[in-house]
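# Coordinates in review
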Amino acid sequence: MRLGRFTIEQLSEGFFELFKDGTFAKMDPNRLNNPGDDPTLGRFSSAIGIDPLLISEGDNHTIVDTGLGWGLDHKSSYAESSNIITNLGIFGIQPKDIDLVILTHLHFDHSAGCTRVSDQFTTEATFPNARYLLQKSEWDFALSEQQSKQEAPGADYRLDELYRLKADNRFEMIEGNHSPTESIKLIHSGGHTPGHQVVKIEDGEHIAYFLGDLIPTEYHLNHYSMKRIDHSPLTAKKAKTLILKEAFKENAQLFFYHSLFNKSGRLAKDLHRNYILQETRS
Ligand SMILES: [Zn+2]
């Protein structure tokens, strides 16, 4: 999709079933046709999408969140899976072309694609020339949670491979709001996790947001916190209220990471003053 001088693409890894213990399985999208006939779905698991974002401005390429990383490793059993590298390939972009990787937070479904296991069985950065940006408070929190193991579904940190990036000084740890480029602004929202950040893309009159897990799907537009999943529901509620108010005023394009169907659109309000998503043609 064109947005001013940017091209923005969602790099969809497909549909997944997320189980209550935090594990993922690839799912047959046909199961979504008649969800009522499927007693497992909704009771023991939920269906989600995984959609990292590619923001291109000429030869400058930024990725926001890196997906599950399935199939990236040497001799991976998911060799046929679509992942961040195969999806970039669709647009003729190679891992070495990526300049910037932004992580909304470090839950593994957002950050596992940061690294891969090479043919020599060493962990290496998936994007060898990129700066990896995250909030310092996210790293600190992830470290402390790794020991205490959270129970919430999907809210899981797996830092083992990410230590390599840390040791190699690949991470740029930021504190609070930050603008890595003229047109990209990182808004430290907290809420979902203490170091969660939202990405705002601005080009004159064109504005877009990538909402990470603060608002993971269009179904969450009017639910101001996810009590089971958000670390701080109150902070999440405040951040959501402010960002949606701003995005509505700006007529901004929104991108969702976990949506199944409506992955992007602009905000409108229905008769009850609830937000609805209006699809935009790309
Ligand atoms: Zn998350």
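Our subject is the structure listed above.
Another aspect to go through is the overall build of the protein chain. A count of helices and strands for the protein chain gives five helices and 18 strands. Scaling as 2.2 N^0.38, a compact globule of 282 residues should have a C-alpha radius of gyration of about 19 Å, and the protein chain matches this with 18 Å. By its C-alpha atoms, the protein chain is 60 × 50 × 35 Å across when sized along the principal axes. Residue burial in the protein chain is summarised as follows: out of 282 residues, 52% are buried. In the protein chain, once contacts between residues fewer than 6 apart in sequence are set aside, the share between residues at least 24 apart is 64%. Carbon and sulfur atoms form 49% of the exposed surface of the protein chain, whose accessible area is close to 13300 Å². Of the charged side chains in the protein chain, 30 are positive and 39 negative, and the gap between their average positions amounts to 5 Å.

The strand order across the open sheet built from seven strands is β1-β2-β6-β7-β8-β11-β12, with neighbouring strands paired in mixed fashion. Only two strands of the sheet have a single partner each, and these edge strands are β1 (2-3) and β12 (171-174). With four bridges joining them, strand β7 (residues 60-64) and strand β8 (residues 98-102) adopt parallel strand pairing. Following the sheet pairing, valine 64 is matched in β8 by isoleucine 102. Taken strand by strand, helix α3 (residues 136-148) contacts β11 (131-135) and β12, and its axis lies near 75° from that of β11.

This part covers the coordination of the zinc ion. For the zinc ion, every protein donor is listed as His105 (NE2), His107 (ND1), His192 (NE2) and Asp213 (OD), and the spread of their distances is 2.1 to 2.3 Å. One way to put it: the four donor atoms around the zinc ion meet at angles of 88 to 175°, and that makes the site irregular. In the primary structure, the donors to the zinc ion are separated according to the pattern H-x1-H-x84-H-x20-D. Residue histidine 192 is found in the loop between β13 (184-188) and β14 (197-203), and its partner aspartate 213 is found in the loop between β15 (206-210) and α5 (233-250); the two are separated by 21 residues along the sequence. A relative accessible area of 6% places aspartate 213 in the buried class.

Ordered by their spatial adjacency, three strands build an open sheet running β4-β3-β5, and the pairing between neighbours is antiparallel. Each edge of the open sheet carries a strand with a single partner, namely β4 (24-26) and β5 (45-49). Neighbour-to-neighbour, the strand axes of this sheet turn through a mean angle of 30°, independent of strand direction. Relative to β4, strand β3 (residues 15-19) runs antiparallel, the two being bridged by three bridges. In the strand pairing of β4, glutamate 17 is matched with alanine 25.

A word on the side chain of threonine 217. Looking at the element boundaries, threonine 217 is found in the loop between β15 and α5. Within the local environment of threonine 217, its side chain forms a polar contact with the backbone nitrogen of tyrosine 219, the two atoms lying 2.9 Å apart. Each residue touching threonine 217, except ones within four places of it in the same chain, is listed here: Phe256, His258 and Ser259.

A separate point is unusual backbone geometry. Of note in the backbone geometry, lysine 75 takes a positive phi value of approximately 60° without being a glycine. With respect to the helices and strands, the residue lysine 75 is situated in the loop between β7 and α1 (84-90). Positive phi, normally seen in glycine, also occurs at asparagine 169, with a value near 60°. Mapped onto the secondary structure, asparagine 169 falls in the loop between α4 (162-167) and β12.

Let's shift gears to the pairing of strand β18 (residues 275-278). Alternating positions in β18 separate cleanly, Tyr275 and Leu277 being buried on one face and Ile276 and Gln278 remaining unburied on the opposite face. Across four bridges, the pairing between strand β17 (residues 264-269) and β18 is antiparallel. Bridge pairing in β18 links lysine 269 to tyrosine 275. Remark: five residues form the turn of the hairpin made by β17 and β18, two consecutive strands paired antiparallel; arginine 273 in that turn has positive phi of roughly 65°.

The rules behind each value
- Residues numbered from 1 in each chain as written.
- Predicted model: local features only at pLDDT ≥ 70, side-chain atom pairs only at ≥ 80, totals over all residues.
- Heavy atoms only, no water.
- Helix = DSSP H or I, 4+ residues; strand = E, 2+ residues; numbered from the N terminus.
- Rg over C-alpha atoms; globule rule 2.2 N^0.38 Å.
- Buried < 20%, exposed > 50% of the residue type's maximum accessible area, 1.4 Å probe, protein only.
- Contact = heavy atoms within 4.5 Å.
- Areas by Shrake-Rupley, 256 points an atom, 1.4 Å probe, with all protein chains shown as cover.
- Lys, Arg positive; Asp, Glu negative; His and termini not counted.
- Charge placed at Lys NZ, Arg CZ, Asp CG, Glu CD.
- Pairing = 2+ DSSP bridges.
- Axes fitted to C-alpha atoms, helices over the stretch in contact; angles between N-to-C directions.
- Donors = N, O, S within 2.8 Å, 3.2 Å for Na, K, Ca; no water.
- Tetrahedral: all angles 85-135°; square planar, octahedral: opposite > 155°, others 65-115°.
- Polar contact = N/O pair within 3.5 Å; in protein donor to acceptor, adjacent residues only side chain to side chain.

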